[in-house]
Amino acid sequence: MNIPMSDLYVLLPEIFVLTMACIILIVAVYIPKQLMELNYHLAQVTVIGAAILTLTNLTESSSIVMNNMFIHDPMSILLKAFIYLITFTVFLYSRQYLRARDLYKGEYFVLSLTALLGMQIMVSAAHFLSLYLGLELLSLSLYAMVAMWRDSKQASEAAMKYFVLGALASGMLLYGMSMFYGITGTLELQKISEVIATGKIENTLLAFSLVFIMVGVAFKLGAVPFHMWVPDVYQGAPTAMTLFISAAPKLAAFAMLMRLLVDGLQGLHTDWQGMLMIMAILSMGLGNIVAIAQTNIKRMLAYSTISHIGFLLLGVLTATKEGYSASMFYTIVYALMSMGSFGMILLLSRAGFEAENIDDFKGLNERSPWYAFIMMILMLSMAGVPPMLGFWAKWSVLNQVVASGFVWLAVVAVLFSVIGAFFYLRIIRLMYVDKPEDLTKIVVAADMRIAISINGLGILALGLFPQILFQLCMNVF
Amino acid sequence: MITLVFYCLSAILVFAAARVITVRNPVQAALFLVLAFFTSAGIWLLLEAEFLAIALVLVYVGAVMVLFLFVVMMLDINTDSVREGFARYFPVGGLVGVLILMEMILVLSSTFFNKKAENISLDVPLVDNTTALGRVLYVDYLYAFEIAAVILLVAMVAAITLTLRNRKESKRQYPEQQVKVTRAERIKLVDMTSDGN
């Protein structure tokens, strides 16, 4: 019953990230203040190293190792690859902002890397235990990151809300998991699906337990009616942390949804389809409508996140392979767009000033035509205007929804998207039509300027050739 | 012989547990709780659950109760004020007690828990339970165990990050500067005209 060494080989990226996080923890204590940059470089090396380790161990089939707790399959590799890419870019974007606020410390990188480790574990979870522990590792790191800016009262409040509601959600999820354990007698997702497939278990019992799992997952995703924490946390947290929370963890949350509902509870899809449908419609409706009334751009983007989550759920609820890959495509595209948008907010912020109101984008075209152009691409993509990448993401999801026979659902989704387009276009109008109020020169480091340009242009370029990314998502299922 | 030891330990346990809630002095109550833990550890030993017994003594007696005793000794708790309002809260407390009793009767008298008794496999491996627990923790669930360890590390890092800050107003000594101090920095001789004489 011993664990073979070959299992550890599959686990290399995770082991590497953990080791490097511990090294940074020690290094950060002993290096003098002048060498603080070393932490940043070590963290970036960690992400790149993990990416190399993951991408050199490609696989076509799925294998389950570590006593059935860790799954190594094409989906986990693709999601991990994008998680690395996003984490790398997030570190790059956050640098200037954190330095100006005295948050550029070793702890930030340690906690980010443990969050990354949590995401890796969630993405490759084949067992209730590893899924839950990965989720807790991610969440705990995020709570601490939100609270890290001690001088900001808002950040502490946001962290408190995030922590209390997050703990509640974890409790719900755990409760659901314990009930499934009681019913099926196993914690392994694959075995649970086998037990359910036998059809010997009363459906009411399974559906009842499923409700708790769904509540927990919906909380973590931020789907209505479990969305209350999203706007407060997005607004209150330091923007660099909001950037972190809004991008990569969404991919991990998607993986969690897939692992639970598809790997484990595929047999109950008639039950979860209805639940997802209600949450999808409510999320798209509330997210898009409430976002219109916001004056704080971080809060507006939080509501936009909620509406995007609704869209993501649409793909999953079709319960077909094509639907899952469309959803995955949507999640990746959303994470890239969200990363760019929060990156722009970081770019306009400077020491002692937070560019968090929509009015701060007024007349951006006069201050810097290039950044206004990048922001325009991001907003158009979020709104789903062709030929941006966001359009193709929405299109592929709607395509699958219609193919599964939910034409009315697709119509509802399109209607809400049109409502949602309003507040994205309003930002563009502010940037191009209004006069700037704040004429401070925008000072940006070269690496960030290049990264955000690639981010924006990438969304445009991939929008012109959406097949590249879409094919990748199609191939994993 | 075992039965005799069991009854002895049980009698001490019941006595100690009863004294915990009846004794007036909180320090004595805490010490009776320690006694209760020791005797229940002894009962577990009789059941050949040696790991649980050791863990109970180490964790509860060694760590938790010592901490508890410190707190009790440091805070001067007035036991009379704690006992006030007993009659007032009795109905609510009594109701909760009766409810718990009813639930226990319902659960224990129903056939729900007896039903699956035959499904429990009895082919337990012939090792002591410390070894068995070790195998489960460090072999079967090694991966989960390691992640749990990382979570504890993160909790520690987070707690220190959130509480440690260099406060400017806090005063501290710098011995190396104190040693280097010269007479000129500390004493200033001022010429003063003495009046009177």
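Model, not experiment: these values are computed from the prediction.

What counts as what
Residues numbered from 1 in each chain as written. Chains lettered and ligands numbered in written order. Predicted model: local features only at pLDDT ≥ 70, side-chain atom pairs only at ≥ 80, totals over all residues. Heavy atoms only, no water. Helix = DSSP H or I, 4+ residues; strand = E, 2+ residues; numbered from the N terminus. Rg over C-alpha atoms; globule rule 2.2 N^0.38 Å. Contact = heavy atoms within 4.5 Å. Lys, Arg positive; Asp, Glu negative; His and termini not counted. Charge placed at Lys NZ, Arg CZ, Asp CG, Glu CD. Patch = residues over 30% accessible without salt bridge, like charges linked within 9 Å, V, L, I, M, F, W, Y side chains within 5 Å. Areas by Shrake-Rupley, 256 points an atom, 1.4 Å probe, with all protein chains shown as cover. Salt bridge = Lys/Arg side-chain N within 4 Å of Asp/Glu carboxyl O. Core = buried A, V, L, I, M, F, W, Y, C linked by side-chain atoms within 4.5 Å. Buried < 20%, exposed > 50% of the residue type's maximum accessible area, 1.4 Å probe, protein only. pLDDT = per-residue confidence, 0-100. Axes fitted to C-alpha atoms, helices over the stretch in contact; angles between N-to-C directions. Parallel < 35°, antiparallel > 145°, perpendicular 65-115°, else oblique. Nonpolar A, V, L, I, M, F, W, Y, C, P; charged D, E, K, R; others polar. Phe/Tyr/Trp six-rings, centres within 6.5 Å; stacked < 30°, edge-to-face > 60°. Buried area = accessible area lost by both parts, 1.4 Å probe. Polar contact = N/O pair within 3.5 Å; in protein donor to acceptor, adjacent residues only side chain to side chain.

Glancing now at the overall build of chain A. Along the backbone of chain A there are 21 helices and 2 strands. A compact globule built from 477 residues would reach a C-alpha radius of gyration of about 23 Å, and chain A, at 21 Å, matches this within 12%. Taking the principal axes of its C-alpha atoms as reference, chain A extends roughly 70 × 60 × 40 Å. Long-range contacts, defined here as pairs at least 24 residues apart, represent 80% of the contacts in chain A between residues at least 6 apart. A distance of 6 Å separates the average location of the 26 positive side-chain charges in chain A from that of its 26 negative side-chain charges.

A cluster of nonpolar side chains, contributed by B:V92, B:V96, B:I100, B:M104, B:V107 and B:L108, occupies part of the molecular surface with about 560 Å² of accessible area. Along the chain, the position of B:M104 falls in helix α5 (residues 86-109).

This part is about the nonpolar core. By size, the foremost hydrophobic cluster in this structure holds 195 residues, and its most contacted members are A:L260, A:W272, A:L313 and A:L314. Looking at this core, the element that brings in the most residues is helix α15 (residues 321-348) of chain A, giving 17 residues. Apart from the residues within four sequence positions on either side, A:L260 is in contact with A:F128, A:L131, A:L173, A:M177, A:L189, A:I213, A:V217 and A:L265. Membership of the second largest hydrophobic core comes to 9 residues, among which are B:V34, B:A53, B:L56 and B:V61.

The predicted model of chain B has a mean per-residue pLDDT of 85, with 86% of residues at 70 or higher. Reported confidences for the modelled complex are a pTM of 0.88 and an ipTM of 0.93.

To continue, consider the pattern of salt bridges. All names here are of chain A. Within this structure, the stated rule accounts for 14 salt bridges over all chains. Between D232 and R299 there is a salt bridge, and its shortest N-O distance comes to 3.2 Å. Here D232 is found in helix α10 (residues 229-236), whereas its partner R299 is found in helix α14 (residues 297-317), with 67 residues between them in sequence. Put simply, K435 and E366 hold a salt bridge, and the shortest N to O gap is 2.9 Å. Taken together, the residues K435 in the loop between α19 (407-432) and α20 (446-464) and E366 in helix α16 (residues 364-367) connect sequence positions 69 residues apart. The class of E366 is partly exposed, set by a relative accessible area of 49%. Each member of the salt-bridge network shares a partner with another, and the members are E37, R95, R99 and D447.

Turning to the environment of B:L67, a few remarks are in order. Tracing the backbone through its elements, the reader meets B:L67 in helix α3 (residues 50-74). Sequence separation of B:L67 and B:V157 is 90 residues, and the distance between their C-alpha atoms is 23 Å.

Residue and element names in this part refer to chain A. Here the residue pair V224 and P225 is connected by a cis peptide bond, since its omega of 5° sits within 30 degrees of zero. Mapped onto the secondary structure, P225 falls in the loop between α9 (203-221) and α10. Notably, M66 is not glycine yet its phi reads approximately 55°, a positive angle. Here M66 is to be found in the loop between β1 (63-65) and β2 (70-72). Residue M66 is classed as buried on the basis of its relative accessible area of 3%.

Attention now goes to the packing of helix α6 (residues 128-147) of chain A against helix α8 (residues 142-163) of chain B. In a packed pair of helices, the relevant descriptors are the angle between the two axes and the axis-to-axis distance. With their axes 10 Å apart at the nearest point, α6(A) and α8(B) run at an angle of 10° to one another. By the angle class used here, α6(A) and α8(B) are roughly parallel. Judged by residue contacts, A:L129, A:S130, A:L133, A:G134, A:E136, A:L137, A:L140, A:S141, A:A144 and A:A147 of α6(A) engage B:Y143, B:A144, B:I147, B:A148, B:V150, B:I151, B:V154, B:A158 and B:L162 from α8(B). Classifying every residue of the contact of α6(A) with α8(B) gives 15 nonpolar, 3 polar and 1 charged.

Scanning the model with the defined rule gives 25 aromatic pairs over all chains in all. Considering the side-chain rings of A:F91 and A:Y108, the 6.0 Å spacing of their centres and the 70° angle between planes classify their relative orientation as edge-to-face. Here A:F91, found in helix α4 (residues 74-100), pairs with A:Y108, found in helix α5 (residues 106-123); they are 17 residues apart in sequence, far enough to count as distant. For A:F91, a relative accessible area of 1% corresponds to the buried category. Arranged with centres 4.9 Å apart and planes meeting at 75°, the rings of B:Y138 and B:F145 form a pair that is edge-to-face.

So, about the interface of chain A and chain B. Each partner contributes to the interface: chain A provides 31 residues, whereas chain B provides 18 residues. Three residues stand out in chain A for area buried against chain B, namely A:M69, A:L133 and A:R150, and they jointly supply 24% of the buried area on that side. The interface formed by chain A and chain B contains 0 salt bridges. Our enumeration of links across chain A and chain B arrives at 3 residue pairs in polar contact (both at pLDDT 80 or more). Those elements giving two or more residues to the side of chain A that touches chain B turn out to be α2 (12-30), α5 and α6 of chain A.

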